Amino acid sequence: MNAKTNQGIMVNGQWRVPALSFGSPLLDFIRKEVGLTGTKEGCREGDCGACAVLMGEKLSDGTIRYRAIPSCISALGDFEGKHLITIEGLTADSKEGLTPVMRAFLDENASQCGFCTPGFIIALTAWLAEPRTLDIAGAITAVDGNLCRCTGYGSIRRAAEKLCRDFADLPLDPKKRLAALVEREVLPKSVLAFLDGVGSMQNSPATAGIKPAESAVLIAGGTDYYVRNPYPTQQFSPVLLRTLGHLSEIREIQDQFGHHVSIGSAVTIHDFFTSKLVQQAVPGIETYETQFASTLIRNIATIGGNIANASPVGDVTAMLMGLGALLCIGVPEDSSKQEARVVPIEKFFLGYKKIDLQPQEAILAVRLSLDNAPAHPLLFSFEKIAKRKKLDIAAVNTAISFKIENGHFTSVRISAGGVAPTPILLEKTAQLLEGKLCNRCDAKGLAELAQQVSAAAESEVKPISDVRGSADYRKRMTGRLVLAHFARLFAKDGITEELFP
Amino acid sequence: MKNIAESALNVRGQTQYIDDLPEPAGCLQAAVRLSDSAHGRIIAIKTDKALALDPSVQVITGKDVPGVNQIGFNKPDEPLLPEHEWEYWGQPVALVLAKNRETARAAAKLVEIEGEELPVVTDPREAARNSDFILPSRTIQCGDTEEAFKHCAYVIEGRVESGGQEHVYLETQGAMAEVREGGKVFVISSTQGPSGVQRAIAQSLGLPMNMVEVEARRLGGAFGGKEDQAATWASLAALGAWISKKPVKLYLNRHEDMRATGKRHPYSSDFKIGAAQDGTILAFEADYYQNSGSTCDLSPAILARTVLHATGAYKIPNVRVTGYMCKTNLPSFTAFRGFGAPQAFFVIESAIDALSQASGIPVVEIQKKNLYREGDSTYFGMEMERVRAHEAFDRLLEKTQWHSLQAEISDFNHKSRTVKKGAAIIPVCFGISFTKLPMNQAGALVHVYVDGSVLVSTGAIEMGQQVSRKIATVVSETLGVPLENIRVERTTTLTVANTVPTAASTGSDLNGMAARIACLEIKKRLAGKAGELLGASPEVVRFENGMIFKNDEKTELSWKDLIVKANEARIDLSAHGFYATPDLFYDMKAERGKPFAYHVYGAAAVVATVDTMRGTYDLESVSIVHDIGHSLDISVDRGQIEGALAQGLGWSLLEDLRFGTDGKPMSDTLSTYKVPDISFMPRTMDIEFLPEIENPATPFNSKAVGEPPLQYGIAGYFAILNALRAANPAGKTFYSIPLTPEKAAGFLDGAEV
Ligand SMILES: Cc1cc2nc3c(=O)[nH]c(=O)nc-3n(C[C@H](O)[C@H](O)[C@H](O)COP(=O)(O)OP(=O)(O)OC[C@H]3O[C@@H](n4cnc5c(N)ncnc54)[C@H](O)[C@@H]3O)c2cc1C
Ligand code: FES
Ligand code: FES
């Protein structure tokens with residue numbers, strides 16, 4: 001890595017200090033430096049899952065968790081003090097040299113050419129390690145970032161079903177679960193060593209607090225950065241946002257006086273959607289998690305990265321814009337604790353991939369209002385259209401939020417992505433809805449209103465054509481997706497029957 | 001009967017693909033400079049900037065090729081590295097070597113191609129208008145279509161488009177080459193056809209083939225993409241090693257692979273179908289404009305399979321079909337599982353759908369009425385034997401309870417507002433054999449070692465289809481030796497020569513037969529010795545499960561003892577087996593003959609739903625009735641069917657291969673080119689096998705399985721089309737694969753697609 005490093009990475013059973021520079025993709029370290037070739041490179045862009053490895057880490061509340069991550073687009077330096085388990089490491093302590101997950105794959109003949117197999121086994125091992133009740137839907141989500149071109153997934157599904165049955169009795173307590181998995185040879189004993197040893201470990205790695213060169217690139221999850229720059233040189237010396245350990249604001253989700261929730265920019269997509277606080281601010285938001293990328297990507301990609309990347313179709317960005325999020329922007333290394341500036345998210349985007357960010361500045365956190373009284377709850381819906389339902393970039397996405405106060409639509413916000421050089425707010429469309437009567441007993445009236453809003457949205461956008469969809473399609477889909485918001489939010493009021501007689 | 005050795009390596013991550021192999025000392029890494037426009041004349045290739053990057057950098061161009069700068073064997077139109085002209089966007093123009101991959105890639109970017117842009121054609125019909133064909137067109141005719149159309153109650157014409165398909169083998173293309181003592185070239189290639197690779201290397205280096213050894217281990221998927229097209233990368237690696245005198249590895253990354261290599265051929269076709277009042281198809285005409293891309297490659301053989309599958313699973317008395325190989329400035333399209341047949345199946349099924357729309361006769365009725373029957377002969381004069389088209393179709397109707405399913409669906413569609421359901425069936429009749437007749441041959445080498453263990457080498461490459469497992473089974477059953485004593489080795493040109501690529505679903509048929517013939521030879525010799533030892537005539541000696549039987553009684557003599565005794569008696573314990581599929585013939589002039597050893601039958605029904613609000617769809621279930629003959633390994637065959645189905649559904653619905661009108665690849669990453677993932681696939685995949693049947697052309701009456709099930713995916717297209725029709729009866733029907741959500745929404749909105 002470099003001189004800043006002191007501790008290294010626990011690779012399978014052994015701590016190692018990498019020689020490769022800390023900005024190298026983790027995959028190169030595993031394959032080239034450690035020489036473990038069971039971890040494959042299928043795409044180097046996060047889209048196939050062949051490079052998945054298990055990452056063990058200690059969370060701020062002290063729990064240890066293991067998750068599958070895509071090593072091809074992860075910065076090596078982010079794994080300082082963490083435990084990596086590769087396919088080779090899984091069998092370290094198994095008498096037969098096979099874990100139960102591997103055995104299930106053999107029994108169901110779920111490995112044909114075998115190139116994808118290590119990635120699937122890692123992903124399903126991570127699924128077993130997650131302290132949740134097992135079901136096939138969960139298993140399928142766990143491998144939604146893994147491609148197999150040979151099996152058609154039938155045998156893989158059957159292997160997962162078998163695992164659901166065989167491991168139905170795993171404890172839900174995180175620590176007990178890991179112990180049980182070691183006991184049953186799903187995980188190697190090095191997990192226990194990590195569990196024990198990590199307590200004494202310094203939580204904030206040595207890279208923290210070191211002021212980087214002015215021109216340094218900032219990397220959070222790396223899932224956008226490395227796709228664009230898959231072959232960084234050894235001189236590449238980025239700032240790794242996650243290793244700025246002294247800035248808890250960046251890494252945590254905090255309740256700010258019951259007024260708003262502050263989401264650190266380095267919070268991962270998965271942690272964002274599963275956060276109780278976020279769910280409290282935006283009821284139902286968790287149902288949209290799996291529309292974003294894949295399990296592997298959600299485990300490392302960050303909220304701040306999604307916004308700063310300024311993609312016109314960023315999904316979380318569209319949601320946050322629909323929710324009226326505020327961005328706290330400042331210089332992360334600045335110890336003078338200068339007050340961060342607060343920018344409404346829709347003001348942050350200046351043009352195609354142009355954002356309101358000064359050199360050295362970063363998004364520190366994102367604020368969502370917690371003002372969500374039961375009397376007039378926040379209604380929120382997100383829609384996304386892409387060629388493939390899972391792990392695909394949107395052609396169009398949109399989010400809407402509003403409240404119903406005294407029987408009227410208020411605080412209406414509608415965002416849309418993929419229809420302009422930046423994610424945008426559909427302000428005219430929102431204005432149309434703002435203050436309108438919302439009579440939930442009048443499905444017909446609601447349907448008519450929905451149609452009007454949908455037509456307004458369609459005419460408010462001016463998209464262009466590309467490989468993900470033609471301009472005309474995007475325009476029509478904007479209308480359709482806005483209609484879908486209404487159909488979802490007023491389903492109980494019989495709007496569907498009116499919209500689709 | 002599980003031989004898990006191979007798969008156990010896979011699940012442990014121990015299988016070594018090209019990039020996992022230890023590199024020989026001093027190995028250089030190669031990268032390619034790909035062209036960055038679709039057509040141009042080379043004026044100069046400037047290397048100074050690249051060379052200045054690092055002292056280890058070497059740049060090799062077409063002029064440096066010591067032998068013949070040509071690797072096209074069907075037509076000499078494919079220089080290894082072009083000297084005069086580049087013909088597609090992403091064509092390798094120079095090879096760059098350096099100490100590591102990063103440097104090689106960076107240097108490759110610095111190689112400047114100075115050239116003059118030339119006009120670009122990407123549309124096969126435009127090429128046809130310019131008469132720019134790879135080879136002359138091919139027409140098969142039977143009866144008199146013109147006359148027949150006059151007597152039809154319905155005559156419908158239409159146009160059908162099917163897109164290309166990227167292989168997305170998870171392991172990209174690559175090779176490692178080394179020049180060994182005496183100037184012998186040794187190459188490990190990720191290829192389906194080591195002998196073809198050997199020939200290309202020999203020709204481009206100007207060496208006799210006996211100076212070139214090519215080895216293929218396990219491939220991380222191939223699907224046809226590494227049949228002809230692996231030769232480029234292996235030849236480039238060999239060229240680099242030859243010139244630098246150092247070992248060289250060339251391994252493409254995904255982006256390079258998606259740009260530089262061929263894919264399934266896009267087709268644009270016209271059909272004309274005529275039928276009697278009752279739906280009996282009387283005449284069918286089709287013109288297939290195959291987008292062949294920039295070079296010949298395998299296009300003629302692929303077009304052959306198209307024109308030989310024009311009528312799908314149906315008997316049609318009057319037929320005229322013509323195929324054109326249209327040259328365009330796109331990567332040379334190549335073999336992909338199905339090999340030209342899926343394109344033909346989609347055309348005939350579209351024609352039947354159009355006929356149903358015009359006549360009001362349900363598709364399934366038209367299909368059933370016209371299926372091949374025993375004794376029918378095809379429009380190219382092949383007599384059909386052991387026809388199972390009806391057996392499969394009827395069983396599928398019964399199994400899916402088709403008629404009540406239709407009623408349920410219309411009931412559902414009546415009640416449901418935002419979700420509409422549709423179902424469709426496709427019958428398949430797929431000819432097995434290479435359409436290029438001389439390729440129907442295979443060799444095998446079998447050694448029995450003195451400890452009784454058996455080693456088998458064949459031309460069959462293991463690439464996920466688990467052919468080793470099948471061949472091991474054939475050897476085990478033939479020799480009467482337990483599976484664990486048998487090892488199927490990787491293929492090298494040293495052990496088995498002049499092999500044909502592992503392709504056309506024939507891998508286990510041909511190589512299994514060759515291995516069986518070798519085993520029978522060894523067994524004959526051993527039976528003589530056993531008879532001598534047991535005091536019996538060789539005829540009453542039988543081998544089973546590692547023991548020797550005499551008159552059906554188990555004796556004390558084991559396989560292992562027998563081998564020791566035979567070796568002491570100086571009996572040859574090795575044999576070479578050779579198999580050539582018998583009775584194949586084809587008269588290219590008359591377009592008549594028997595090009596296939598046999599046919600595989602089957603039928604699939606797909607049920608799908610459309611979300612009418614968003615224009616998206618879900619595949620609900622697939623039911624398949626499939627003719628596997630006697631399965632050599634049920635779990636392998638099931639895996640093949642499910643895998644082929646996924647690729648067929650992907651091609652029909654999802655996989656959207658795009659090029660700009662300037663020939664620029666638009667879907668050259670896995671983020672812009674989507675293949676089926678686990679949730680894309682139907683929740684239920686119910687596969688039933690027809691009862692066993694005699695099939696003399698293969699080992700133990702098995703049947704090839706790789707390609708036929710791919711066409712089942714086409715039913716996904718029609719199921720969704722039917723669901724869309726339920727949502728918008730006024731929607732404008734189109735026959736255009738893939739049926740992306742964009743096209744689905746277009747149908748719902750009444751837009752042109
Ligand atoms: C396979 C795959 C699938 C994907 N699917 C989706 C999807 O479905 N929906 C979607 O919206 N996106 C998707 N993405 C894009 C990407 O994952 C997201 O945009 C992600 O949120 C980016 O976060 P990151 O932390 O990984 O970004 P990084 O790559 O670390 O950073 C991206 C950019 O933002 C800058 N940056 C990062 N953090 C900050 C900060 N705090 N302040 C200022 N600048 C910052 C970086 O300098 C960099 O320029 C996908 C990506 C991949 C590889
Ligand atoms: S190599 Fe494909 S996801 Fe990493
Ligand atoms: S087994 Fe070949 S890609 Fe999955």
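Everything quoted here is computed from the prediction, not taken from an experiment.

Draft legend 1. How the structure looks around the overall build of chain B. Within chain B one finds 19 helices and 30 strands. Its C-alpha atoms give chain B a radius of gyration of 27 Å, within 12% of the compact-globule value 27 Å for 753 residues. Oriented by its inertia axes, the alpha-carbon framework of chain B measures out at about 80 × 80 × 50 Å. Out of the 753 residues in chain B, the part that is buried amounts to 61%. Nonlocal contacts in chain B, meaning residues at least 24 apart in sequence, comprise 79% of its contacts between residues at least 6 apart.

Draft legend 2. Spotlight on the pairing of strand β13 (residues 267-275) of chain B. Residues and elements named next belong to chain B. In terms of residue burial, β13 counts as a mostly covered element, since seven of its nine residues are buried. Note: strand β8 (residues 154-162) against β13, nine bridges, orientation antiparallel. Counterpart to Val155 in the pairing with β13 is Gly274. The pairing of β13 with strand β14 (residues 281-293) spans nine bridges and is classified as antiparallel. The residue of β14 that forms the bridge with Asp270 is Asp287. Counting the residues between successive antiparallel strands, the hairpin from β13 to β14 contains five residues, one of them, Gly279, with a positive phi of roughly 95 degrees.

Draft legend 3. Representation of the domain arrangement of chain A within the structure. Residues and elements named next belong to chain A. When its domains are assigned, chain A resolves into domain 1 (9-200) and domain 2 (248-499). Here the element with the most residues in the side of domain 1 that touches domain 2 is strand β4 (residues 64-70); it accounts for four residues. In the side of domain 1 that touches domain 2, the residues fall into six nonpolar, six polar and three charged.

Draft legend 4. Highlighting the packing of helix α6 (residues 194-205) of chain B against helix α7 (residues 230-244) of chain B. Residues and elements named next belong to chain B. Contact geometry of α6 with α7 gives a least axis separation of 9 Å together with a crossing angle of 40 degrees. The angle between α6 and α7 falls in the class oblique. The two elements α6 and α7 cross, and the hand of that crossing is right-handed. For the pair α6 and α7, contact is made by Gly196, Val197, Ala200, Ile201, Ser204 and Leu205 and by Ala230, Ala231, Ala234, Ser235, Ala238, Leu239 and Trp242, respectively.

Draft legend 5. How the structure looks around the interface of chain B and chain A. Taken residue by residue, the interface counts 62 residues in chain B and 64 residues in chain A. Taken together, the elements giving at least two residues each to the side of chain B that touches chain A come down to α1 (5-12), α3 (101-110), α17 (634-654) and α19 (741-748) of chain B. Ranked by residue count, the leading element in the side of chain B that touches chain A is α17 of chain B, at eight residues. Across the side of chain B that touches chain A, the residue classes tally to 23 nonpolar, 24 polar and 15 charged.

Draft legend 6. Structural detail: the confidence of the model for chain A. Residues and elements named next belong to chain A. For chain A, per-residue confidence averages 93 on the pLDDT scale, and 94% of positions sit at 70 or higher. Contacts of residues 1-5 to residues separated by more than four positions or lying in other chains number 15 contacts, the stretch itself having pLDDT below 50. Note on residues 199-211: pLDDT is under 50 here. Beyond four places in sequence and across chains, it has 24 contacts.

Draft legend 7. Representation of the site of ligand 1 within the structure. Around ligand 1, the surrounding shell holds 36 residues, and the nearest of these are Gly221, Gly304, Gly305, Asn306 and Ala308 of chain A. The site occupied by ligand 1 is bordered by residues of chains A and B. Counting residues per element, the ones that place at least two in the shell around ligand 1 are β6 (218-219), α9 (225-228), α14 (303-308), α15 (315-323) and β14 (362-369) of chain A. Per-element tally for the shell around ligand 1: the top contributor is α14 of chain A, with four residues. For the shell around ligand 1, the class distribution of residues is 20 nonpolar, twelve polar and four charged. Each of domain 1 (9-200) and domain 2 (248-499) of chain A gives at least three residues to the shell around ligand 1.

Draft legend 8. Examining the sheet that holds strand β15 (residues 378-385) of chain A more closely. Residue and element names in this part refer to chain A. Strand order in this open sheet of four strands is β15-β16-β17-β18, and the pairing throughout is antiparallel. What marks the edges here is a single partner per strand, and that holds for β15 and β18 (424-425). Bridge analysis of strand β17 (residues 408-417) against β18 gives two bridges, and the strand direction is antiparallel. In the strand pairing of β18, Ser415 is matched with Leu425.

Parameters at a glance
Along each chain, numbering runs from 1 in the same order as the chain's sequence is written. Each chain takes a letter, starting from A, and each ligand takes a number, starting from 1, following the order in which they are written. Predicted model: local features are reported for residues with pLDDT of at least 70 only, side-chain atom pairs are reported and counted for 80 or more only, and whole-chain, interface and lining totals are derived from all residues. A helix here means a DSSP run of H or I that spans at least four residues, while a strand means a run of E at least two residues long, and both kinds are numbered starting from the N terminus. Note that the radius of gyration is over C-alpha atoms, with the globule rule given as 2.2 Å times the number of residues to the power 0.38. Put simply, a residue is buried when 20 or more other C-beta atoms lie within 10 Å of its own C-beta and exposed when 12 or fewer do; between those, it is partly exposed, and each C-beta is set from the backbone. In this description, any two residues whose backbone-derived C-beta atoms lie within 7 Å of each other are considered to be in contact. In this analysis, strands are considered paired if DSSP registers two or more bridges between them. Domain start and stop positions are those given by an automatic or database domain assignment. Throughout this entry, Asp, Glu, Lys and Arg are counted as charged residues, while Ala, Val, Leu, Ile, Met, Phe, Trp, Tyr, Cys and Pro are counted as nonpolar. The remaining residues, Gly among them, count as polar. Working convention: axes come from line fits to C-alpha atoms, limited for helices to the stretch in contact. Angles between N-to-C directions cover 0 to 180 degrees. Angular relationships are summarised with four words: roughly parallel below 35 degrees, roughly antiparallel beyond 145, roughly perpendicular across 65 to 115, and oblique for the angles in between. Crossings are assigned a handedness: left-handed for a near helix turned anticlockwise from the far helix by less than a right angle, right-handed for a clockwise turn. Known as pLDDT, the predictor's per-residue confidence is scaled from 0 to 100. Defining nearness, a residue is near a molecule or strand when the C-beta atom obtained from its backbone falls within 6 Å of it.

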